[in-house]
Amino acid sequence: MRSRDAAARTPIIAGNWKMHKTYAEAVSLTQGIIDRLPKDATRRADVVLCPPFTALRGVSNAIAFDHARIKVGAQDCSAEPEGAYTGQVSVAMIADLDAAYAIVGHSERRGLLGETSADVAAKARALCAAGLTPIVCVGESREVYEAGDTIDFVVDEVAASLAGVCADADAAGLCVAYEPIWAIGTGLVPSPEHAQRVAAAIRAQVGATCGAQVAERARVLYGGSVKPGNVAAFMAQQDVDGALVGGASLDADTFVRLVLSALGE
Ligand code: 13P
């Protein structure tokens, strides 16, 4: 049973399509989701699609054409406003394509591309300053989990990844996603009670870094092998306000079943 505070936070289900879907495939997936998702669901939850940069325009056009209430997010952004940064994409550029969210600090970027928590904080600051919602990702390795050090590790990562973010975070609607690295793409998941303990610790650290009001309103997502069959158990936790979904967001039927299950239907 979600507490009154939890009930005041709008649930959020975000699909991270990672490096999947060409432009045409992305439009077709978006259309499939629009066709299957009851309008009521997008009044009760923020449903966010995060395609590759190259498909942002196609996805947001498909949503606008149908007057759907689905939201769009990018999977990353630059911390810099513009300049000689070959291959980077600015916050203004994604906002121009109707993205209202951006995932930052995904473990695949931290692990494969050497992104640091300081880099992540700079991106989150740039997003908040422009009024876009950052989905700041944190999460521990299997070694840290097995050593029982998850909470210490994640709390430190939250503090560093939100450094200096506070000023605009409330208005921007800060989101933090707890994604244990060992649960991503593996079919393995922590217990919902573990996710709750970590989510509560994340909220406490958001409070310490950004103040009580930001913490109260920030939404904490769980991510890592979220499926239609397990999402409800995570969503039932008091401090878990949403899910960040990889593989199960790539098929319209599966993703819509997942959203409905997250909403208790
Ligand atoms: P999976 O849902 O495929 O495990 O991916 C999780 C993830 O990394 C979402 O950002």
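We now turn to the structure provided with this report. (Residues numbered from 1 in each chain as written. Predicted model: local features only at pLDDT ≥ 70, side-chain atom pairs only at ≥ 80, totals over all residues. Heavy atoms only, no water.)

1. Structural notes on the pairing of strand 2 (residues 46–50)
Here strand 2 lies mainly inside the structure; five of its five residues are buried. Residues of strand 2 alternate between two faces, with D46, V48 and C50 on one and V47 and L49 on the opposite face, all of them buried. Pairing of strand 1 (residues 12–16) with strand 2, which is carried by five bridges, proceeds in the parallel orientation. Of the residues in strand 2, the one forming a bridge with I12 is D46. Sheet topology places strand 2 next to strand 3 (residues 71–74); two bridges connect them, and they run parallel. (Buried < 20%, exposed > 50% of the residue type's maximum accessible area, 1.4 Å probe, protein only. Helix = DSSP H or I, 4+ residues; strand = E, 2+ residues; numbered from the N terminus. Pairing = 2+ DSSP bridges.)

2. Some remarks on the side chain of K123
Relative to the helices and strands, K123 resides in helix 7 (residues 117–129). Under the relative-accessibility criterion, K123 is labelled buried at 8%. Looking at K123, its side chain comes within polar contact range of the side chain of E115, at 2.9 Å. What K123 contacts, discounting residues up to four positions off in sequence, is D76, C77, S78, A79, V104, R109 and E115. (Polar contact = N/O pair within 3.5 Å; in protein donor to acceptor, adjacent residues only side chain to side chain. Contact = heavy atoms within 4.5 Å.)

3. Re the pattern of salt bridges
Across all of its chains, the model carries 16 salt bridges by this definition. We note a salt bridge from D46 to R219, for which the minimum N-O separation is 2.7 Å. Of this pair, D46 sits in strand 2 while R219 sits in strand 7 (residues 219–223), placing them 173 residues apart in sequence. Take D46 and R219: they sit in the same class, and that class is buried. Where E157 meets R110, a salt bridge forms, and the shortest distance between an N and an O atom there is 3.4 Å. (Salt bridge = Lys/Arg side-chain N within 4 Å of Asp/Glu carboxyl O.)

4. Describing the side chain of S117
Within the secondary structure layout, S117 lies in helix 7. Under the relative-accessibility criterion, S117 is labelled buried at 16%. Among the polar contacts listed, one links the side chain of S117 to the side chain of R110, at a separation of 2.9 Å. If we skip the residues at most four places from it in the chain, S117 touches R110, E157, A160 and S161.

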